[in-house]
Amino acid sequence: QKEVEQDPGPLSVPEGAIVSLNCTYSNSAFQYFMWYRQYSRKGPELLMYTYSSGNKEDGRFTAQVDKSSKYISLFIRDSQPSDSATYLCAMRTQGAQKLVFGQGTRLTINP
Amino acid sequence: EADIYQTPRYLVIGTGKKITLECSQTMGHDKMYWYQQDPGMELHLIHYSYGVNSTEKGDLSSESTVSRIRTEHFPLTLESARPSHTSQYLCASSEGPASGNTIYFGEGSWLTVV
């Protein structure tokens, strides 16, 4: 079993919809959680960074961490065609240097 | 905002050729990484470095080698390219613990070996 599981999709929603992207993980020692966005033929770019549990909001994006369920989410409100990309979750333990990535979810926002 | 540069962005090369993928960062980050990613697939860490003259193999076995002679430069070399090396190679670097060791990626180098 992988340490981090992420539904690869593809996920296709109409413009303006609320999108929910999720990852589950098995290592309860993970403390740092990130979401990356990757456009086709580009490198991943950091979207959201959260330490431990709770919510973090940045514009149309909200990241949620539920450590008791070992579950993290990224919500996109008022989704735009420009949000079409692959979204990767990543996480690491305290003191670890390397990130563990999910497989990525391919998202398409239809105009 | 991260300033990390990879060249070439796209390369088509014949089997048996030696290639070097260049990666430079201007942020003074000590930690640098190379990931391999096939289209639509996961990122796999193949090499990392925590500082000058320090290199380690990553989680995925790779026939490539790396060097870290300068902080800002982390090139990856394939001595004899094969079609199985066809993939996207992503260079990355990270800040210190204060920012959670967040990793910033370059644009990637797409390698095709024919």
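Throughout what follows, the structure given in this document is the object of discussion. Per chain, residues are indexed from 1 in the order of the written sequence. Note on labels: chains are lettered from A, ligands numbered from 1, in written order. Residues qualify for local features only when their pLDDT is at least 70, as the model is predicted, and side-chain atom pairs are given and counted only at 80 or more; totals for whole chains, interfaces and linings, by contrast, use all residues. In computing side-chain values, all of the structure's heavy atoms are included and hydrogens and water are not.

**A look at the overall build of chain B**
Secondary structure assignment for chain B yields zero helices and eleven strands. C-alpha atoms define the radius of gyration, and 2.2 Å times the number of residues to the power 0.38 defines the globule rule. Computed over its C-alpha atoms, the radius of gyration of chain B comes to 13 Å, within 12% of the 13 Å expected for a compact globule of 114 residues. Referenced to the eigenvectors of the C-alpha coordinate spread, the extents of chain B come out at roughly 45 × 30 × 25 Å. Contacts are assigned to residue pairs with any non-hydrogen atoms lying within 4.5 Å of each other. Taking the intrachain contacts of chain B between residues at least 6 apart in sequence as the baseline, contacts between residues at least 24 apart amount to 53%. The helix and strand labels rest on DSSP assignments: H or I over at least four residues marks a helix, E over at least two residues marks a strand, and numbering proceeds from the N terminus.

**A word on unusual backbone geometry**
In the segment running from Gly9(A) into Pro10(A), the intervening peptide bond is cis, with an omega of 5°. Position of Pro10(A) relative to the elements: it lies in the loop between strand 1 (4-6) and strand 2 (11-14). Geometrically, the link from Thr7(B) to Pro8(B) is a cis peptide bond, its omega value of -10° lying close to zero. Relative to the helices and strands, Pro8(B) is located in the loop between strand 1 (4-7) and strand 2 (10-13). One non-glycine residue, Ser52(A), adopts positive backbone phi at about 60°.

**Considering the state of the cysteines**
Here is the idea: a disulfide is a covalent bond, and it sits between the sulfur atoms of two cysteines. The disulfide criterion is simple: two cysteine sulfur atoms within 2.5 Å. All told, the structure shown has two disulfides over all chains when counted by the stated rule. Linked covalently through their sulfurs, Cys23(A) and Cys89(A) form a disulfide whose S-S length is 2.0 Å. Judged by the torsion about the S-S bond (-105°), the Cys23(A)/Cys89(A) disulfide is left-handed. With Cys23(A) in strand 3 (residues 19-25) and Cys89(A) in strand 9 (residues 85-93), this residue pair connects regions lying 66 residues apart in the sequence. Accessibility classification places Cys23(A) together with Cys89(A) in one group, the buried group. Disulfide partner of Cys23(B): Cys91(B), at an S-S distance of 1.9 Å. Taking the torsion about the sulfur-sulfur bond, which here is approximately -80°, the covalent link between Cys23(B) and Cys91(B) counts as left-handed. Of this pair, Cys23(B) sits in strand 3 (residues 19-25) while Cys91(B) sits in strand 9 (residues 87-94), placing them 68 residues apart in sequence. Both residues of the pair, Cys23(B) and Cys91(B), count as buried. A 1.4 Å probe rolled over the protein chains alone gives each residue an accessible area, and that area as a share of the maximum for its type sets the label: buried under 20%, exposed over 50%, partly exposed in between.

**Concerning the interface of chain B and chain A**
The interface is formed by 26 residues belonging to chain B together with 19 residues belonging to chain A. Summing both sides of the interface, chain B and chain A together bury roughly 1,900 Å²; the carbon and sulfur share of this comes to 51%. By definition, a salt bridge exists where a carboxyl oxygen of Asp or Glu is found within 4 Å of a side-chain nitrogen of Lys or Arg. Connecting chain B to chain A are three salt bridges. In this structure, Lys42(A) engages Glu107(B) in a salt bridge whose closest nitrogen and oxygen atoms are separated by 3.2 Å. As a working definition, buried area equals the accessible area (1.4 Å probe) given up by two parts on being put together, with both sides summed.

**Topic: the pairing of strand 11 (residues 105-110) of chain A**
Residue and element names in this part refer to chain A. Side chains Thr105, Leu107 and Ile109 of strand 11 all project onto a buried face; the interleaved residues Arg106, Thr108 and Asn110 project onto a face where none is buried. As paired strands, strand 2 and strand 11 are joined by four bridges and run parallel to one another. Across the sheet, the residue bridging to Leu11 is Leu107, located in strand 11. In short, DSSP must find at least two bridges between two strands for them to pair.

Note that all results are geometric; they support no functional claim without further evidence.
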